[in-house]
Structure formats: structure tokens, C-alpha cells
Amino acid sequence: MALDDTLLPALLEAGLLHDTGVRGVYGRGTPFEDVLQRFDQYATRELAEESAELIRFPPVLPRRIIERSGYLKSFPHLAGTVFSYTGDERGHAEMLANVEAGEDWSASQTMTDVVLVPAACYPVYPHVAGCGALPAGGRTIDVSSYCFRHEPSDDPARMQSFRMHELVRIGAPADVEAWQRHWIERGLEILGRLGLAAESAPANDPFFGRGGRMLAANQRAQELKFELLAPIAQSGEGTAIMSVNYHQDHFGSVYDIRTVTGEVAHSACLGFGLERVTLALLVRHGLDPARWPDEVRRELWGTA
């Protein structure tokens, strides 16, 4: 289908997405969710070669993890913190009065000990650190979660609340770097069998501020982040539907994760954006999955 400003209205009209009144926050209809779940199962089969440990964390994590990891230094504009009411009955009455008057009631809220997960991998590093030195060969962990980034947009490919399915590799530097390179090629193969003409390209994270521009330039120059791009956006340019990121020793140093030989561990992660892959498939093959090419339906549903 054409990549124009009718994409979001078409998705809503077809019942693939449901409007909530907040930009970038949608309900998912049955056809959309079916495709998403089928792709997630397909990806799980393809990732099985890693024999990864499966761990599922909730979509909130301790605030101290975000504070310690450096996320607030790099991405304060994306963070989602959880606030709750902790006052007395009088304060409650004042809060309700502000709500009824349509006035700001945020002063009645207090920051809690949890934040919204910005990427599925964030709980992994402190968990691994708490297990002691890595085993020989390192560890590979499969995680999946709803994530949140504060990016209100009318682009359906830029949702505020979305799901990521990731593999996290932690180990010796040479092993982790080779793993990243391997999964760039494997990712293209996995997506290509679904008819997605994805391309890989060096990329950078959306670091904040003047210092962030230097971090972004260094990330690109060292080719630490690769994105696999497919057409979704109105411009027709590729949108990242999968990424493979090499963190070097960042998380190993922050959490003192050590290899079996005592050196600071390196880490990398690959992540599928499940909603974005679903959107890329709908844009490529049409909004009615029943009419998709037989070879794609065989990969996802097992039947043509």
C-alpha cells in the first residue's frame, strides 16, 4: 500500500488499531495482534539456535536501575516514571477538587520506587551481576516486555507503548562482538523470508543534549549500533524494525559483571520491535493478512 498520511486512518478504519485519544497509544485489534503473535512465535523459532535462558520481567523496574545505568543522563526525554498518591484524606479532597476543576493535580503525586521499562534488556544486567561471575562462554538471555518511551506522535511506527523481544549476550569482548556481527546478517535473513526488503545501516540512539550529539557520532563511527530498516513511515524511508547493539563494557562496568577469567564483561543485544515488524508486514503485503503471499503465510501460520 502507498506510504502516505492515510496509513494511520486506514489502520484505524480496518480495526487493526484502536484510538485511545492519546497520540502514540493504541489498542490492538484481532488481526493486528494475530500477526504480531505469529511473528513473535516465528522469531522465537529462529532465535532457538542460541539456546538462550528465558526470563520474563514485568514492564516496570526498580527506579535505581534507571538511575545507575546512565539512562537519565542519555535519555531523560524518553523516561517514564511512576507516581502515586501517598497523602491523607484532606490531600485527597484537594486532589479531587483540582481534577474536577480541570486543573493540574500532579503536586498530589509522589514518585514511587518503580519506572516504566524503556527497553526489555534493562533488568537483565543487574540480574546477571547478582549471579556472580559468568560461566565459561558467557550467558545469553531471552527477554520480552512492553516498553515505554515518551515520544507522542501520529506516526503509528512511533508508539509510546510497544513490545520488544530481545536476546542479550554477555561475555568476553571478542565473543560478543562476533555475536553482534552474526545477528546483523541473520536478522536480514529472518526478515527477508517474510518478504521484507530490510537493509542494515549503522545508527545511533537518540541521546539528549549537546553531549549526546558527540555520543551519537561516536556510536556511529564505531558501528556499535546497527538497525535493520523497512518502509513504514510516510516518507518512505526505512524505519528500524530490528536493532543489534554492542554496548562494549558499559553495563559490565556499571554492574561489575565479570567473565570467568575476571575481566569486565562486554554485552550486546538484538531486539525486534514487534509492533513495528507487524506494521512493516501490513505495509508490504496489505491490510488483510488472509490475502498475503502463500510463502509468507506458510512461515507465519504454517499454511497458505
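For the structure, check the block above.
Residues numbered from 1 in each chain as written. Predicted model: local features only at pLDDT ≥ 70, side-chain atom pairs only at ≥ 80, totals over all residues. Heavy atoms only, no water.

(A) Examining the overall build of the protein more closely. The number of helices and strands found in the protein is 11 helices and 12 strands. The globule rule puts the C-alpha radius of gyration for 304 residues at 19 Å, and the 21 Å found for the protein is close to it. Across its three principal directions, the C-alpha atoms of the protein cover 60 × 55 × 35 Å. Within the protein, the proportion of its 304 residues that are buried is 45%. On the protein, roughly 14600 Å² of surface is accessible, and the fraction owed to carbon and sulfur atoms is 51%. Taking the 28 positively charged and 41 negatively charged side chains of the protein as two groups, their mean positions are separated by 3 Å. (Helix = DSSP H or I, 4+ residues; strand = E, 2+ residues; numbered from the N terminus. Rg over C-alpha atoms; globule rule 2.2 N^0.38 Å. Buried < 20%, exposed > 50% of the residue type's maximum accessible area, 1.4 Å probe, protein only. Areas by Shrake-Rupley, 256 points an atom, 1.4 Å probe, with all protein chains shown as cover. Lys, Arg positive; Asp, Glu negative; His and termini not counted. Charge placed at Lys NZ, Arg CZ, Asp CG, Glu CD.)

(B) Up close: helix α2 (residues 30-47). Across its 18 residues, α2 extends 25 Å between first and last C-alpha, which sits within 8% of the 26 Å expected from 1.5 Å per residue. Residues of α2 that are buried include every one of F32, V35, L36, F39, D40, Y42, A43, E46 and L47, and no others. Around the axis of α2, the buried residues are gathered within 165 degrees of arc, so they sit on the same side. (Expected span 1.5 Å × (residues − 1). Arc of directions from axis to C-beta.)

(C) The arrangement of empty space enclosed by the protein in detail. Applying the stated criterion to the full structure yields 1 cavity of 30 Å³ or more. The calculated volume of the largest cavity comes to roughly 40 Å³. If you go around the largest cavity, the residues you meet are I66, Y71, L72, A79, G80, T81, V115, L116 and P118. Sorting the residues of the lining of the largest cavity by element identifies α4 (71-74) and β6 (109-116) as the ones contributing at least two each. In the lining of the largest cavity, the residues fall into 7 nonpolar, 2 polar and no charged. (1 Å grid on protein atoms, 1.4 Å probe; cavity = no way out; pocket = protein on both sides within 12 Å on 5 of 7 lines; lining within 4 Å. Points joined across faces, edges and corners; volume = space filled by probe spheres on them. Nonpolar A, V, L, I, M, F, W, Y, C, P; charged D, E, K, R; others polar.)

(D) Representation of the sheet that holds strand β4 (residues 60-62) in the model. Pairing is antiparallel in the open sheet, where 3 strands are placed in the order β4-β6-β5. Of all strands in the sheet, those with a lone pairing partner are β4 and β5 (81-85), marking the two edges. Each neighbouring strand pair of the sheet contributes to a mean axis angle of 55 degrees, computed without reference to strand direction. Alignment of β4 against β6, held across 3 bridges, turns out to be antiparallel. Residue pairing in the sheet places V60 in a bridge with L116 of β6. (Pairing = 2+ DSSP bridges. Axes fitted to C-alpha atoms, helices over the stretch in contact; angles between N-to-C directions.)

(E) Just the packing of aromatic side chains, in detail. The tally for this structure, following the rule as stated, stands at 8 aromatic pairs. Ring plane angle 50 degrees and centroid distance 5.0 Å describe the contact between Y71 and F75, whose orientation is recorded as tilted. Look at Y125 and F251: their rings are 3.9 Å apart centre to centre, the planes differ by 5 degrees, and that puts the pair in the stacked class. Here the residue Y125 occupies a position in helix α6 (residues 124-129), and F251 occupies one in helix α9 (residues 250-255), the gap between them amounting to 126 residues. Put simply, the rings of Y71, F75, Y122, Y125 and F251 pair up and form one aromatic cluster. Between the NZ or CZ atom of R297 and the centre of the ring of W301, over which it lies, the distance is 4.4 Å. (Phe/Tyr/Trp six-rings, centres within 6.5 Å; stacked < 30°, edge-to-face > 60°. Lys NZ or Arg CZ within 6 Å of the ring centre and 35° of its normal.)

(F) Seen up close, the pairing of strand β7 (residues 139-148). A large share of β7 lies buried, amounting to 9 of its 10 residues. Where strand β3 (residues 53-54) lies against β7, 2 bridges are found, and the strand directions are parallel. Note on β7: the bridge partner recorded for L54 is D142. As judged from the 10 bridges shared by β7 and strand β8 (residues 161-171), these two strands associate in the antiparallel manner. Counterpart to V143 in the pairing with β8 is E166.

(G) Quick look at the nonpolar core. Counting residues in hydrophobic clusters, the biggest one holds 77 residues, and the most contacted among them are F39 and F272. Those residues in contact with F272 that sit more than four places away from it in its chain are F39, A43, L47, R163, M164, H165, I190, L191, I241 and M242. (Core = buried A, V, L, I, M, F, W, Y, C linked by side-chain atoms within 4.5 Å. Contact = heavy atoms within 4.5 Å.)

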